[in-house]
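Residue strings, one per chain:
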Amino acid sequence: MLPVTQDLFVAVILITLLFTIMGLVVVMAIINYKKKQQAYLHQLKLMKEEYDKQLMWSQIEMQEEAFTHLGQELHDDIGQLLSSTKLLINVTQRSLPEVPEPLRTAEETLSTAIHHLRALSKSFSRQWLDQFSLIDNLKGEVERINASRAIQVKFTHELAVLPLQAEPQIILFRIIQEAIQNCLKHARPQVIDISMRIVEKVLLLIIADDGAGFDKAGMSATGMGIRNMQHRTNLLGGTIRWEVTTAGGTAVLIQLPVE
């Protein structure tokens, strides 16, 4: 009986080893499958992010082309009409022995409108944006808005040169424009304060107002303006968020990595 018992013991051990090996093979196969699945999902995520990025770049390029066309039309068409009208007023003034005050006021108002129109058309021009830095462009935008005397925009910075290429500067400029337009449309502020500085290779940009503020809990990210600002900031590798200021207004906080 002893040999039979030994054979049975050996058989049990072999069967146990076999099942153990099979179990290990199955576990290794599952682990390998999980790794491949994670790698596939990661690759799929990267492909989607790249697709979204390329799609956003295409949309931005289309928008910039539209801005360029609009700026050209403003300058060539409406600008020429206003200039011709101003010329006719000047001719009329020279033919009069005494220029009436309403006509003089109309001529001055028309001159101001032509100046504002030229500044606006420049802000839509890619060539103008490529030639100047964001800081210069933003100063011009602030001057144009302040000239209306309906609102005061302040711009402070500690930078001589912004360490960004032309394309990122254009995108950031459009983000700021969108933030200002949202503020004027919804908050009805008296003052907008824009500040820009760099701390540890991070550009900190704050656009704050003293307007009506907003409900942060109920804030919707489905608005086209907010989505555009978020997408553009993501393209630059940065973050953007909205906060309520201590005075009850709204602050847009943007952080971008810079070299």
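Refer to the structure presented above.
What counts and how
Residues numbered from 1 in each chain as written. Predicted model: local features only at pLDDT ≥ 70, side-chain atom pairs only at ≥ 80, totals over all residues. Heavy atoms only, no water. Pairing = 2+ DSSP bridges. Helix = DSSP H or I, 4+ residues; strand = E, 2+ residues; numbered from the N terminus. Axes fitted to C-alpha atoms, helices over the stretch in contact; angles between N-to-C directions. Contact = heavy atoms within 4.5 Å. Parallel < 35°, antiparallel > 145°, perpendicular 65-115°, else oblique. Left-handed = near helix turned anticlockwise from the far one by under 90°. Nonpolar A, V, L, I, M, F, W, Y, C, P; charged D, E, K, R; others polar. Salt bridge = Lys/Arg side-chain N within 4 Å of Asp/Glu carboxyl O. Buried < 20%, exposed > 50% of the residue type's maximum accessible area, 1.4 Å probe, protein only.

## Structural notes on the sheet that holds strand E2 (residues 191-199)
- Pairing within the open sheet is mixed, and its five strands lie in the order E1-E2-E3-E5-E4. At either end of the open sheet lies a strand with only one pairing partner, and these are strand E1 (152-157) and strand E4 (239-244). Sheet twist, expressed as the mean angle between neighbouring strand axes with direction ignored, is 15 degrees.
- Relative to strand E5 (residues 250-257), strand E3 (residues 202-209) runs antiparallel, the two sharing seven bridges. Pairing of Ala 208 across the sheet is with Ala 251, part of E5.
- Relative to the sheet, helix H4 (residues 134-146) contacts E1 and E2, its axis offset from that of E1 by approximately 160 degrees.

## Overview of the packing of H4 against helix H5 (residues 166-187)
- Where H4 contacts H5, the axes come no closer than 10 Å and their chain directions differ by 25 degrees. Classed by the angle they form, the pair H4 and H5 counts as roughly parallel. Between H4 and H5 lies a crossing whose hand is right-handed. In contact with Leu 134, Asn 137, Leu 138, Glu 141 and Ile 145 of H4, H5 contributes Gln 169, Leu 172, Phe 173, Ile 176, Gln 177 and Ile 180.
- A breakdown of the residues in the contact of H4 with H5 according to their chemical character gives seven nonpolar, three polar and one charged.

## Side note on the pattern of salt bridges
- According to the stated counting rule, one finds four salt bridges in the structure shown.
- For Glu 107, the salt bridge goes to Lys 86, with nearest N and O atoms at 3.2 Å. Of the two residues, Glu 107 is situated in helix H2 (residues 101-123) and Lys 86 in helix H1 (residues 2-95); the sequence distance between them amounts to 21 residues.
- We note a salt bridge from Glu 141 to Arg 144, for which the minimum N-O separation is 3.0 Å. Residue Glu 141 and its partner Arg 144 are both found in helix H4; the two are separated by three residues, about one turn of the helix.
- Classification of Arg 144 as partly exposed rests on a relative accessible area of 21%.

In short, shape yes, function no, at least from these values alone.
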